[in-house]
Amino acid sequence: MKSSSNGMNRRDFLKVGSMSTLALTLGTTGVYSLAGATKSFASPKDNPVSGFGGFGPLVKDPNGILDLPRGFHYKMLSQTGDLMSNGDKVPAMHDGMAAFQGEKNTTILVRNHENSTNSDHPVNGKNPWSNGAAGGTTTLIVGPDRELVDHYVSSSGTIRNCAGGATTWGTWLTMEETRNMGHGFVFEVNPLDPENEMSKTPIRDMGYFSHEAGHVDPSTGIWYLTEDASPSFLYRFTPNDRSQTLGSLQKGGTLEALAIEELPSNKASQFHTGQTFGVVWKKVNPERAQQDAKDLGCIQFSRLEGAYFSEGTFWFDDTSAGSKNLGRVYRYTPSTNTLELFYESTDKNDLEMPDNITITPWGDLWIAEDGGGNDRIVGLTPEGNVYTFAENKMNGSEFAGPTFSPDGKTFFVNMQTPGITFAIWGPFARHNSTRRRAMNHAAPPAGLAPVASGKLTAFAEEQGMSILEAAALERHGMPIL
């Protein structure tokens, strides 16, 4: 995640001011519409995959805030400096976020704030973990009409709450992206029980390192965690209590880091001779996780960011990796213990510095960019298409916290600076479990797959692995024999 380097210049500040005035002229809804025509999806001629090739070209937003496809609408739910329910101001640096089902068809949003120790708009909690720390989380209760019903601090006293992960039991793991001042832990936040003792109790066995994001495999209760550092490592946390219930993570567990292992020939398949390569997990001490991972020779990534688990597959990205430092997207399948390099950008027009990610209800992979210029939400489909769903036309700030309401009808996302949470809706495709599963086995978009030499292709065939698996291992030091 970018930090305060994305500060507003005078033009951006004036634009924010004009937005507030414009919202008043639009009435109480504050809705910005790009529905100039009734047609929603692009025609089959433009998108040959019956609506699953994207939503057509973006329409220029006359307000200069968000460009979206025709037929979509947005509204700004919560901005830095707005007043919350108790009169406190909305904190700055909106980041990771998750959505849960609430009562009476409401959506419960839990939102991170990536503040450090000094901020003009800190998270002002009543029960902080550490005094002087300006980060934490807020909770937003959003009505079925996308109106903000309630708005309050749910945890405080932490630093650089970047991303995190939603639990299967309705809480949020907020994660500190730092190792300064004794901070660098994971905390569990109950959005409906704000600032309780659990919210200020670090889950120490999930590691002391510069956390970014994480997500859980609901079939096993195992968590996968990314580290935003350089170098960084991919970790998995196996809880002692895998009941996936409130407080179960506080009972401790085992932390491991991902590594490549070369197996001797006597362990190789009878259909192949010589050496066989695969990935393994090596146990690390959670209090010195990164150093242990280095000492054990685990896979060193450039700088890991987004994480999302869907239908048996864990997706994650390395924001500054690759020959042009534009980013890579990986997928890991626990059932086969297979790591694949799914996408490797070589052109910033295709993808620039992937950050937070999510799988849409209908099965596409959506990626929030954190690069230079105007960042986007980029979609990849199981059918091999690439499209842009949204583009920030207001400033150079990143998108963060992409998440869908439980009914799949509203997409929530943050613009980190100046700190805005958007609700976006329109002709989204319906929930499609088949396509969500298909994404886990899909080939990368044509022309955007990792480049594989003839030698690597031959090696993959000899090893009995896919090109994507061989590419992932080769990029991280596997010798091509």
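Residues numbered from 1 in each chain as written. Predicted model: local features only at pLDDT ≥ 70, side-chain atom pairs only at ≥ 80, totals over all residues. Heavy atoms only, no water.

We now examine the pairing of strand 26 (residues 410–415). Of all 6 residues making up strand 26, 6 are buried, and the element is well covered by its neighbours. With burial as the criterion, each face of strand 26 is covered, one bearing Thr 410, Phe 412 and Asn 414 and the other bearing Phe 411, Val 413 and Met 415. As paired strands, strand 25 (residues 399–404) and strand 26 are joined by 4 bridges and run antiparallel to one another. Its bridge partner being in strand 26, Phe 399 is matched across the sheet by Met 415. Two strands pair when backbone bridges link them, and strand 26 and strand 27 (residues 420–425) are joined in this way by 6 bridges, in the antiparallel orientation. Bridge pairing in strand 27 links Asn 414 to Thr 421. Once strand 26 ends, the chain turns through 4 residues before running back antiparallel as strand 27, passing Gly 419 with a positive phi of about 95°. (Buried < 20%, exposed > 50% of the residue type's maximum accessible area, 1.4 Å probe, protein only. Helix = DSSP H or I, 4+ residues; strand = E, 2+ residues; numbered from the N terminus. Pairing = 2+ DSSP bridges.)

The subject of this paragraph is the nonpolar core. With 29 residues, the main nonpolar core has Leu 234, Phe 314, Phe 316, Tyr 332 and Leu 339 as its most contacted residues. Ranked by residue count, the leading element in this core is helix 5 (residues 467–475), at 4 residues. For Leu 234, the contacting residues outside a window of four places in its chain are Leu 225, Thr 226, Glu 256, Ala 257, Leu 258, Trp 281, Phe 301, Leu 304, Phe 314 and Phe 316. (Core = buried A, V, L, I, M, F, W, Y, C linked by side-chain atoms within 4.5 Å. Contact = heavy atoms within 4.5 Å.)

Moving on, we get to the side chain of Asp 292. Looking at where Asp 292 falls in the secondary structure, it is placed in helix 2 (residues 289–295). Asp 292 sits in the buried class, given a relative accessible area of 12%. Of note is the side chain of Asp 292, whose polar atom sits 2.8 Å from the backbone nitrogen of Asn 285. At 2.9 Å, the side chain of Asp 292 and the side chain of Arg 288 are in polar contact. Leaving out residues up to four positions away in the same chain, Asp 292 has contacts with Val 284 and Asn 285. (Polar contact = N/O pair within 3.5 Å; in protein donor to acceptor, adjacent residues only side chain to side chain.)

What follows concerns the sheet that holds strand 20 (residues 338–344). Here we have 4 strands laid out as an open sheet, ordered 17-18-19-20, and antiparallel in their pairing. Every interior strand has two partners, whereas the edge strands, strand 17 (304–310) and strand 20, have only one. Taken pair by pair, the neighbouring strands of this sheet meet at an average axis angle of 20°, ignoring direction. As paired strands, strand 17 and strand 18 (residues 313–318) are joined by 5 bridges and run antiparallel to one another. Within the sheet, the bridge partner assigned to Leu 304 lies in strand 18 and is Asp 318. (Axes fitted to C-alpha atoms, helices over the stretch in contact; angles between N-to-C directions.)

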